[in-house]
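Examination of the molecular architecture
Here is how the chains run, residue by residue.
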Amino acid sequence: MSNPKSVFIAIDGIDGVGKSTQIAFLSDLLTDRGHRCLLTRDPGSTEIGKRLRELLLESDLTMNRRTEAMLFMASRCEMVETTIRPALRDGISVISDRFLLANVVYQSIGDSHAPGVDPSLLWELGGLANGGLRPDLTVLLDMPAARSMERIEGPRDRMEARGEAYMERVRQAFLEQLPKASEATVVVNADQPVEAVSAELKSAVLEQLAQYG
Ligand code: TMP
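Residues numbered from 1 in each chain as written. Predicted model: local features only at pLDDT ≥ 70, side-chain atom pairs only at ≥ 80, totals over all residues. Heavy atoms only, no water.

Here's the deal with the overall build of the protein
The helix and strand tally for the protein stands at 8 helices and 5 strands. Shown N-terminal to C-terminal, the secondary structure of the protein runs as helices and strands in the order β-α-β-α-α-β-α-α-β-α-α-β-α. Taken over C-alpha atoms, the radius of gyration comes to 17 Å for the protein, in line with the 17 Å a tight globule of 213 residues would show. Taken along its principal axes, the extent of the C-alpha atoms in the protein is 55 × 35 × 30 Å. Going through the 213 residues of the protein one by one, you find that 50% of them count as buried. Counting every atom, the protein has about 10,300 Å² of accessible surface; 52% of that belongs to carbon and sulfur. (Helix = DSSP H or I, 4+ residues; strand = E, 2+ residues; numbered from the N terminus. Rg over C-alpha atoms; globule rule 2.2 N^0.38 Å. Buried < 20%, exposed > 50% of the residue type's maximum accessible area, 1.4 Å probe, protein only. Areas by Shrake-Rupley, 256 points an atom, 1.4 Å probe, with all protein chains shown as cover.)

Structure follows, in structure tokens:
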């Protein structure tokens, strides 16, 4: 059997939605179908990305949404150029834990201290930072924020600490902005038992792969 064409899939959703479990499942699914797979994490995956991740999520530095947006973009720029593009060029499929869509939705929601950034501006800046690279497929794991927030264990990071009302606005922004994230997009209902989420994810991904060739 010849190696399947490499594919770039991004998985996203609000905090606490169960991405890690479904990413592991998806990686096994692609591997079983003959793909070589690379998992990336946005922000993270590169040394610069890991340091920016600490600054962005684990520090208590205050910053406005534009600063935040640019730092997330810088991390992604490095990850795209040093990790994702080379893998895709080598025929390796990439599954990214979040991508530009997350940047557009999280940084577009403001509050009384920090106004949100216009989503269209974030798409434009993001395209520049990524050198135009878009996922072939974006999967959105969807669940009400009231349900996802109760699943978060341990201390909350900067985003999680913004609370349920912020997260529900992020969720709505995800649903609204998803069609702009890539050529193919799919919403998977994450508010059901884990096996049912995986089954829904599997049929959506296999359907897309069949169309992709
Ligand atoms: P996670 O890796 O555990 O999903 O955490 C990443 C957090 O950072 C999550 O709350 C989403 C947020 N985020 C942004 O605010 N902007 C971005 O561009 C990305 C990639 C993530």
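Okay, back to it.
Section: the sheet that holds strand β1 (residues 8-12)
Taken in spatial order, the 5 strands make up an open sheet running β2-β3-β1-β4-β5, and their pairing is parallel. Bordering the open sheet on either side are β2 (37-41) and β5 (184-189), each of which pairs with just one other strand. On average, adjacent strands in this sheet sit at an angle of 20° to one another, irrespective of strand direction. In the sheet, β1 pairs with strand β3 (residues 93-97) via 4 bridges, with the strands oriented parallel. Opposite A10, over in β3, you have S96 as the bridge partner. In the packing of helix α8 (residues 194-212) onto the sheet, contacts are made with β1, β4 (137-142) and β5, and the angle to β5 comes to roughly 165°. (Pairing = 2+ DSSP bridges. Axes fitted to C-alpha atoms, helices over the stretch in contact; angles between N-to-C directions. Contact = heavy atoms within 4.5 Å.)

Digging into the layout of surface pockets
By volume, the largest pocket is sized at about 550 Å³. Along its surface, the largest pocket is lined by 26 residues, and D15, K19, R53, R98 and D157 are the ones closest to its centre. Secondary-structure elements contributing two or more residues to the lining of the largest pocket are α1 (19-32), α2 (47-58), α3 (65-89) and α4 (100-108). Ranked by residues supplied to the lining of the largest pocket, first place goes to α4 with 4 residues. Looking at the lining of the largest pocket residue by residue, the classes come out as 10 nonpolar, 5 polar and 11 charged. (1 Å grid on protein atoms, 1.4 Å probe; cavity = no way out; pocket = protein on both sides within 12 Å on 5 of 7 lines; lining within 4 Å. Points joined across faces, edges and corners; volume = space filled by probe spheres on them. Nonpolar A, V, L, I, M, F, W, Y, C, P; charged D, E, K, R; others polar.)

A short note on the side chain of S75
Considering the arrangement of structural elements, one finds S75 in helix α3. Relative accessible area serves as the criterion here: at 1%, S75 is assigned to the buried category. Aside from chain neighbours lying at most four places away, what touches S75 is D42, P43, G44, G49 and L52.

Regarding α3
Because the α-helix completes a turn every 3.6 residues, residues three or four places apart line up on one side. With 25 residues, α3 should cover 36 Å at 1.5 Å per step; its first-to-last C-alpha distance of 34 Å lies within 8% of that length. For α3, the principal kink sits at V80 and spans about 45°. All of the buried residues along α3 are R65, E68, A69, F72, M73, S75, R76, M79, V80, T83, I84 and A87. One side-chain oxygen at the N-terminal end of α3 lies 2.9 Å from the backbone nitrogen of R66; it belongs to N64. Trailing α3 by a residue or two, G91 shows a phi angle of about 85°, which is positive. (Expected span 1.5 Å × (residues − 1). Bend = angle between axes of the 7 residues up to and from the residue. Polar contact = N/O pair within 3.5 Å; in protein donor to acceptor, adjacent residues only side chain to side chain.)

A closer look at unusual backbone geometry
Residue P43 is reached from D42 by a cis peptide bond, and omega for that bond is 0°. Looking at where P43 falls in the secondary structure, it is placed in the loop between β2 and α2. Residues other than glycine seldom take positive phi values, yet R98 does so here, at roughly 80°. Here R98 shows up in the loop between β3 and α4. Taking relative accessible area as the criterion, R98 reaches 11% and is therefore assigned buried.

Observations regarding the pattern of salt bridges
Inspection of the entire model under this criterion finds 11 salt bridges. Salt-bridge contacts for K19 lead to D97; the nearest nitrogen and oxygen are separated by 2.5 Å. Of this pair, K19 sits in helix α1 while D97 sits in strand β3; the two residues are 78 residues apart in sequence, bridging distant segments of the chain. Residue classification places K19 among the buried residues on the basis of a relative accessible area of 13%. Judged by its relative accessible area of 11%, D97 falls in the buried class. R147 is the partner of E150 in a salt bridge, and the nearest nitrogen-oxygen pair spans 3.2 Å. With a relative accessible area of 57%, E150 lands in the exposed category. Classification of R147 by relative accessible area gives partly exposed; the value is 39%. (Salt bridge = Lys/Arg side-chain N within 4 Å of Asp/Glu carboxyl O.)

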